[in-house]
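Summary of the model geometry
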Amino acid sequence: MIDIANVSKRYGNKVAVEDLNLAIPDGELFAFLGPNGAGKTTTIKMLCGLLFPTTGTVRVGGFDVTTHGDESRKLVSYVPDQPFLYEKLTGREFLQFTADLYAMDPDHAKERMERVRQQFHLDEFLDTLTERYSHGMRQRTVFAAALLHEPKLLIADEPTVGLDPKSIRELKVLLRQLAKGGTTVFLSTHTLDIAQELADRVGVIHNGRLIACDTVDGLRKKANSDGTLEDVFMKITEESPSLEPGAEAMG
Ligand SMILES: Nc1ncnc2c1ncn2[C@@H]1O[C@H](COP(=O)(O)OP(=O)(O)OP(=O)(O)O)[C@@H](O)[C@H]1O
């Protein structure tokens, strides 16, 4: 589903991502970890076709995001860490707007709206202006909109931050179900216990370089640690020589 080959991204003189290679198959739940400023958002924006790589290619579902952006974007949904809604629309109007943006067939859109309404328990507030929503209500509405057109790739940035324990639990179940159903889930997070619990594989980016990419057990072996993902993450990022150009990536 995702094929990132030899990708670098520069902002002027600033190298945000350096020689990134990453392949993620259909139905994988992948956690993308890294300290602040490591290059996670830049990578996500390239996957969404919002930024183009300076060198290298990013493919989603086989489509090059630079040359076939319309095709690749149809496959992707992105849930940012700050859920964005139009304040003067109700949740229902926002879902309808999203269905229209994706040019969904009206009957199919109706069916899908009904499905996500139930799935995300939107009933109590679907006809209220979104300006009155709490963070959790916003997050549920944004997820519902993101899944309306059944994307092949769901990218979620810090999806659990600000949610109550019940909502976090439901979201974890949902993300696993999506992956099981064949949707690729790309999760960017600083919440390492969620990554440890959910991810099939974990990639660690540091100073723009992918310094490790493996299962949690694989990372433990490479880091020579039998601790939590947090222990392993600290060890890998502290030991990483990635500040030096040409440093070897683990994994
Ligand atoms: N528009 C921009 N212009 C210049 N530099 C930028 C721009 N956007 C990001 N950067 C720089 O690129 C690097 C990577 O930033 P990015 O936002 O991708 O990191 P991140 O891993 O998402 O960080 P965080 O966890 O803090 O959100 C940082 O050094 C950042 O300052």
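Since the model is a prediction, treat every value here as computed from it, not as a measurement. Here the residue numbers are simple positions, counted from 1 along each chain's written sequence. Note on the predicted model: pLDDT of at least 70 is required for a residue's local features to be given, and 80 or more for side-chain atom pairs to be given and counted; whole-chain, interface and lining totals, by contrast, use all residues. By convention in this description, side-chain values take in all heavy atoms of the structure and omit both hydrogens and water.

Here's the deal with unusual backbone geometry
- Here Ala 103, not a glycine, exhibits a phi torsion of approximately 50 degrees, which is positive.
- Secondary structure follows DSSP: runs of H or I at least 4 residues long count as helices, runs of E at least 2 residues long count as strands, and numbering of each begins at the N terminus. In this fold, Ala 103 is placed in the loop between helix H3 (91-101) and helix H4 (106-119).
- For Asn 224, which is not glycine, the phi torsion reads 55 degrees and is therefore positive.
- By the secondary structure assignment, Asn 224 is in the loop between helix H8 (216-223) and helix H9 (229-239).

A word on the pairing of strand E9 (residues 201-206)
- For each residue, the accessible area found with a 1.4 Å probe, counting protein chains only, is set against the maximum for its type, and the residue is called buried under 20%, exposed over 50%, and partly exposed in between. Of all 6 residues making up E9, 6 are buried, and the element is well covered by its neighbours.
- Here the rule is simple: two strands pair whenever DSSP picks up at least two bridges between them. Pairing of E9 with strand E10 (residues 209-214) involves 5 bridges; the strand directions are antiparallel. Looking at the pairing, Val 202 lines up with Asp 214 of E10.
- Turn length for the E9-E10 hairpin, with the two strands adjacent in sequence and antiparallel, is 2 residues, and the turn residue Asn 207 shows positive phi of about 50 degrees.

Considerations on the domain arrangement of the chain
- Note: domain ranges come from an automatic or database domain assignment. What the domain assignment lists for the chain is domain 1 (1-75 + 151-251) and domain 2 (84-146).
- Note on contacts: a residue pair qualifies if any of its non-hydrogen atoms lie within 4.5 Å across the two residues. Residue-level contacts link 14 residues of domain 1 with 9 residues of domain 2.
- What counts as a salt bridge is simple: a side-chain nitrogen of Lys or Arg found within 4 Å of a carboxyl oxygen of Asp or Glu. Scanning the region where domain 1 abuts domain 2 turns up 0 salt bridges.
- Any pair of N or O atoms that falls within 3.5 Å is considered a polar contact. Within protein, one atom must be able to donate a hydrogen and the other to accept it, and sequence-neighbouring residues count only if both atoms are side-chain atoms. Counting the contacts that link domain 1 with domain 2 gives 2 residue pairs in polar contact (both at pLDDT 80 or more).
- Broken down by secondary-structure element, the contributors of at least two residues to the side of domain 1 that touches domain 2 are helix H2 (69-74), strand E7 (153-157) and helix H6 (165-180).
- With 4 residues, H6 is the largest single contributor of residues to the side of domain 1 that touches domain 2.
- Residues were grouped as follows: Ala, Val, Leu, Ile, Met, Phe, Trp, Tyr, Cys and Pro as nonpolar; Asp, Glu, Lys and Arg as charged; and all remaining residues, including Gly, as polar. Residue classes in the side of domain 1 that touches domain 2 are distributed as 9 nonpolar, 1 polar and 4 charged.

As for the site of the ligand
- The rule for a residue being near a molecule or strand is that one of its heavy atoms must lie within 4 Å of it. With respect to spatial proximity, the complete set of residues near the ligand consists of Tyr 11, Lys 14, Ala 16, Pro 35, Asn 36, Gly 37, Ala 38, Gly 39, Lys 40, Thr 41, Thr 42 and His 190.
- Contact between the ligand and Ala 38: an oxygen atom at 3.1 Å from a main-chain N or O atom of the residue.
- The separation between an oxygen atom of the ligand and a polar side-chain atom of His 190 is 3.2 Å.
- Computed with the Shrake-Rupley method and a 1.4 Å probe, the accessible areas treat only the protein chains shown as cover for residues. When isolated, the ligand has an accessible area of 640 Å², and the protein chains bury 60% of it.
- Mapped by element, the contributors of at least two residues to the shell around the ligand are strand E2 (14-24) and helix H1 (40-47).

Some thoughts on the environment of Val 76
- Following the sequence through the fold, Val 76 ends up in strand E6 (residues 76-79).
- C-alpha of Val 76 to C-alpha of Ala 146: the two residues are 70 residues apart in sequence and 8.7 Å apart in space.
- Ignoring sequence-local partners within four residues, the contact set of Val 76 consists of Leu 47, Cys 48, Val 60, Tyr 102, His 149, Pro 151, Leu 153 and Ile 155.

Points about the layout of surface pockets
- Cavity means a closed set of points on a 1 Å grid over the protein atoms alone, one where a 1.4 Å probe fits but cannot get out, pocket means an open set with protein on both sides within 12 Å along at least 5 of 7 lines, and lining means a residue has an atom within 4 Å of a point. Grid points are joined across faces, edges and corners, and a volume is the space filled by probe spheres set on the points. Here the largest pocket defines a volume of roughly 810 Å³.
- Secondary structure elements with two or more residues in the lining of the largest pocket: H2, E6, H3 and helix H5 (135-147).
- Of the residues assigned to the lining of the largest pocket, the class counts are 17 nonpolar, 3 polar and 5 charged.
- Taken domain by domain, the makeup of the lining of the largest pocket includes at least three residues from each of domain 1 (1-75 + 151-251) and domain 2 (84-146).

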